[in-house]
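Structural overview
Each chain, written out:
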Amino acid sequence: MIREFEGIIVSETPYGESSKILNILTSEEGIIGVMAKGAKKIKSPLRSFTEKFTLGVFQVYYHKDKLSTLVSADIINPLLNIKTDIVKIGYLTYVVELASQTAKQNDDTNIYSMLKATILKIEDGLDPRIMTNILEVKLLDYLGVGIDFNQCIKCGNSTNIVTISGDEGGYICQDCHTNEPIYSDKTIKMFRLYYYVDIHSVSDLKISDEVVSNIDEILRDYYDRFTGLYLKSKEFLKSVI
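Our subject in this report is the structure included herewith. (Residues numbered from 1 in each chain as written. Predicted model: local features only at pLDDT ≥ 70, side-chain atom pairs only at ≥ 80, totals over all residues. Heavy atoms only, no water.)

Remarks on the pattern of salt bridges
Threshold: Salt bridges are identified by distance alone: a Lys or Arg side-chain nitrogen within 4 Å of an Asp or Glu carboxyl oxygen.
Overall, the coordinates contain twelve salt bridges when judged by the stated rule. The partner of Glu-12 in a salt bridge is Lys-20, and the shortest N-O contact between them spans 2.8 Å. When salt bridges with common partners are traced through the structure, they connect Arg-3, Glu-28, Glu-29 and Lys-64 into a single cluster.

Take a look at the structure:
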């Protein structure tokens with residue numbers, strides 16, 4: 001049966017002399033494995049549609065839980081702005097690996113939808129670090145380590161929040177604060193906004209470098225402590241920013 005999937009190629013592996021095996025994160029079925037026969041040949045009609053990070057609509061002979069076969073594909077967006085900028089390539093590599101690893105633990109269709117929106121916002125020129133952090137915040141729930149943005153992690157108090165603790169995994173109120181680093185009220189409010197904002201509706205956010213850096217720092221620490229993910233792309237991203 002031929003089925004059509006919207007998705008993004010998250011990895012490609014050579015197979016034999018002329019073919020590839022693709023892993024595609026899709027809008028409907030999570031990650032599917034697809035054989036692209038002859039795709040390495042110069043004259044193959046599949047050659048330009050089977051590179052890593054291709055965002056497109058893929059027609060495949062679909063076999064659930066088995067290797068499917070690619071028939072044809074149409075590119076949704078060539079991502080030319082991203083692919084001509086080494087820093088944006090670094091962020092693209094990271095968010096794709098992060099989303100694909102998250103999808104392996106939770107095949108919710110929202111993961112692909114949020115990844116696609118993030119990539120297209122970066123392609124349109126929005127700050128890649130902000131967009132990446134927004135996606136990171138949202139994916140924590142799918143990884144089972146979501147942050148409670150409504151109350152103190154220690155006592156449940158919803159008022160007088162003074163900071164965020166990577167060690168404790170959430171907000172800290174004035175009464176419970178001990179030696180946790182203090183972040184500005186703007187950082188606390190913006191961090192919460194990252195969680196609740198719809199990625200699809202994000203426009204050019206005007207956020208100070210200090211607030212952006214603080215949120216990025218908190219998320220790096222939180223991911224390292226609580227998610228159990230080791231992503232090679234994170235090291236590549238560090239090397240290009």
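Here we look at the packing of aromatic side chains
Stated precisely, the cut-off is as follows: Classification of ring pairs rests on two measures: the distance between centres of Phe, Tyr or Trp rings, Trp counted by its six-membered ring, which must be within 6.5 Å, and the angle between planes, read as stacked under 30 degrees, edge-to-face over 60 and tilted in between. The helix count covers DSSP runs of H or I at least four residues long, the strand count covers runs of E at least two residues long, and both are numbered beginning at the N terminus. Only protein chains enter the accessibility calculation, which uses a 1.4 Å probe; a residue is then buried when its area is under 20% of its type maximum, exposed when over 50%, and partly exposed in between.
Counted by the stated rule, this structure contains six aromatic pairs. For the ring pair Tyr-222 and Phe-226, a centre distance of 4.7 Å and an interplane angle of 45 degrees mean the geometry is tilted. One end of the pair, Tyr-222, and the other, Phe-226, are both in helix 6 (residues 209–226), four residues apart, so they sit about a helical turn from each other. Given the relative accessible area of 33%, Phe-226 is considered partly exposed. By the ring-pair criterion, three or more aromatic residues cluster together here, those being Phe-149, Tyr-171, Phe-191, Tyr-195 and Tyr-196.

Let's talk about helix 5 (residues 185–196)
Within an α-helix, residues lying three or four positions from one another point in the same direction, as the helix has 3.6 residues per turn. Convention followed: Expected helix span is taken as 1.5 Å per residue step, with the number of steps being one fewer than the number of residues. Residue contacts are counted whenever heavy atoms from the two residues lie within 4.5 Å of one another.
The terminal C-alpha atoms of helix 5, which comprises twelve residues, lie 17 Å apart, in line with the 16 Å expected from a rise of 1.5 Å per residue. Thr-187, Ile-188, Met-190, Phe-191 and Tyr-194 are the residues of helix 5 that are buried. Against helix 4 (128–142), strand 6 (148–152), strand 7 (161–165), strand 8 (170–173) and helix 6 lie the buried residues of helix 5.

So, the environment of Glu-123
By the element assignment, Glu-123 lies in helix 3 (residues 110–123). Linking Glu-123 and Leu-92, residues 31 residues apart in sequence, is a C-alpha distance of 9.6 Å. When near neighbours in sequence (up to four residues on either side) are disregarded, Glu-123 contacts Asn-77, Leu-79, Leu-80, Asn-81 and Ile-82.

Some remarks on the sheet that holds strand 6
How we decide: In this analysis, strands are considered paired if DSSP registers two or more bridges between them. To obtain each axis, a line is fitted to C-alpha atoms, and for helices this fit is confined to the stretch in contact; angles are then taken between N-to-C directions over 0 to 180 degrees.
Here three strands make up an open sheet; going across it, the order is 6-8-7 and the pairing mixed. Taken across any chain shown, the strands that pair with only one partner, and hence form the sheet edges, are strand 6 and strand 7. The mean angle between the axes of side-by-side strands here comes to 30 degrees, regardless of whether they run parallel or antiparallel. Sheet analysis places strand 7 next to strand 8, joined by four bridges and oriented antiparallel. Paired with Ser-165 across the bridge in strand 8 is Gly-170.

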